[in-house]
Amino acid sequence: MVRKAAPAGHLDDDVDAVTRAVLTASRVLVAVCARSLAEVEDRVTPAQFRMLVVLSSRGATKLVALAELLGVAPSTAMRMVDRLIAAGLADRQTNPDNRRETLLRLTDEGRRTVEDVTARRHEEIASIVERLAPEQRTALIEALTHFNEADGAPPAPLLDEATGLHVLGWGDATTTA
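Not measured: the values here are computed from a predicted model.

(A) Local environment of the pairing of strand E3 (residues 98-106). Sheet analysis places strand E1 (residues 61-62) next to E3, joined by two bridges and oriented antiparallel. In the sheet register, Thr61 faces E3, and the bridge partner there is Leu104. With six bridges connecting them, strand E2 (residues 90-95) and E3 associate as antiparallel partners. Residue pairing across strands places Arg92 opposite Leu104, the latter belonging to E3. Hairpin connection between E2 and E3: a loop of two residues separates the two successive antiparallel strands.

Next up, the structure:
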């Protein structure tokens, strides 16, 4: 939907200005994400990395549940899983509670990949945030908190005690990474 320009001083001016600022910030964040994946892009696409992140945060997961969490068809999820298995980043195991079910999980290499990419994102975002004055940081926290709440997004968890990193998320609170 394309919005018409509002008369000067109109409330829509604020909406348009905020929309432009958020779009600009989203381009910055997409670029950070792309750079963080650069070292593994020969093995992992952004969509596959998202799957790795979900597996990292959820642990062993059934294919149907994984597809649902990612918002893709099970056949699409299966093709992604097959590629991750071929790359040595994920594997299948029989569910010990139900031998007819197969669970998908990360390998150690898959876990290291998620940790490395997340660490690079964290470092680059921290570098940007460090350039802000303390009051700008506070204002950014408040603005982004309200923005996320308006979308219904749950707050990201604090530090991952195992890695010491803030995790980046998709989906609900149980699928953050």
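(B) A look at the sheet that holds E2. If you trace the three strands from one edge of the open sheet to the other, you get E1-E3-E2, paired in antiparallel fashion. In the strand order of this sheet, the two ends are held by E1 and E2, each with one partner. Helix-sheet contacts for helix H4 (residues 74-86) involve E2 and E3, and the interaxial angle to E2 is about 110 degrees.

(C) Region of interest: helix H2 (residues 46-58). The end-to-end C-alpha separation of H2 is 18 Å, in line with the 18 Å expected for 13 residues at 1.5 Å each. All of the buried residues along H2 are Gln48, Phe49, Met51, Leu52, Val53, Val54 and Leu55. Among the residues trailing H2, Gly59 stands out with phi positive, at a value near 80 degrees.

(D) Quick look at the packing of H2 against helix H3 (residues 63-70). Interaxial distance between H2 and H3 falls to 11 Å at its minimum, and their mutual angle equals 120 degrees. Relative to H3, the element H2 lies oblique. For the element pair H2 and H3, the recorded crossing hand is right-handed. In this structure, H2 contributes Arg50, Met51, Val54, Leu55 and Arg58 to the contact, and H3 contributes Leu66, Leu69 and Leu70. Taken together, the residues of the contact of H2 with H3 sort by class into six nonpolar, no polar and two charged.

(E) A look at helix H6 (residues 134-151). With 18 residues, H6 should reach 26 Å at 1.5 Å per residue; the first-to-last C-alpha distance of 26 Å fits that figure. Of the residues one or two after H6, Gly152 is the one with positive phi, at around 85 degrees.

(F) Expanded view of the packing of H2 against H4. Interhelical geometry of H2 versus H4 gives an angle of 85 degrees and a closest axis separation of 10 Å. Judged on the interaxial angle alone, H4 and H2 are roughly perpendicular. Here Ala47, Gln48, Met51 and Leu52 of H2 lie close against H4, whose contacting residues are Ala77, Met80, Val81, Arg83 and Leu84.

(G) Representation of a nonpolar patch on the surface in the model. Together, Leu140, Leu144 and Phe147 make up a nonpolar patch on the protein surface, roughly 260 Å² of accessible area in all. Within the secondary structure, Leu144 sits in helix H6. The partly exposed category is assigned to Leu144, whose relative accessible area is 43%.

(H) Looking closely at the pattern of salt bridges. This structure, assessed with the given rule, holds seven salt bridges. We note a salt bridge from Lys62 to Glu101, for which the minimum N-O separation is 3.4 Å. You can see Lys62 sitting in strand E1 and its partner Glu101 sitting in strand E3, a full 39 residues away along the chain. Classification of Glu101 by relative accessible area gives partly exposed; the value is 22%. In this structure, a network of salt bridges that share partners links the residues Arg43, Glu109 and Arg112.

What counts, and at which threshold
Numbers given for residues are sequential positions, taken from 1 along each chain in its written order. Only residues with pLDDT of 70 or above have their local features reported here, since the model is predicted, and side-chain atom pairs are shown and tallied only from 80 upward, although totals for entire chains, interfaces and linings are computed over all residues. Remark: hydrogens and water are excluded; side-chain values derive from all non-hydrogen atoms of the structure. Only when DSSP finds a minimum of two bridges between them are two strands counted as paired. Only DSSP runs of H or I with at least four residues qualify as helices, and only runs of E with at least two residues qualify as strands; both kinds are numbered from the N terminus onward. In what follows, a contact means two residues having at least one pair of non-hydrogen atoms within 4.5 Å. Axis definition: a line fitted to C-alpha atoms, limited for helices to the stretch in contact. Angles are taken between N-to-C directions and run from 0 to 180 degrees. Take the residue count of a helix, subtract one, and multiply by 1.5 Å to get its expected span. Only protein chains enter the accessibility calculation, which uses a 1.4 Å probe. A residue is then buried if its area is under 20% of the maximum for its type, exposed if over 50%, and partly exposed in between. For this classification, under 35 degrees means roughly parallel, over 145 means roughly antiparallel, 65 to 115 means roughly perpendicular, and everything else is oblique. Take the far helix as your reference; a near helix turned counterclockwise from it by less than a right angle gives a left-handed crossing, and one turned clockwise gives a right-handed crossing. Amino acids outside the nonpolar list (Ala, Val, Leu, Ile, Met, Phe, Trp, Tyr, Cys, Pro) and the charged list (Asp, Glu, Lys, Arg) are all regarded as polar, and Gly is one of them. Patch building starts from residues that exceed 30% relative accessible area and form no salt bridge, then joins like charges within 9 Å and nonpolar side chains (Val, Leu, Ile, Met, Phe, Trp, Tyr) within 5 Å. Values of accessible area rely on a 1.4 Å probe in the Shrake-Rupley scheme; residue burial ignores everything except the protein chains shown. Definition used for salt bridges: Asp or Glu carboxyl oxygen within 4 Å of a side-chain nitrogen of Lys or Arg.

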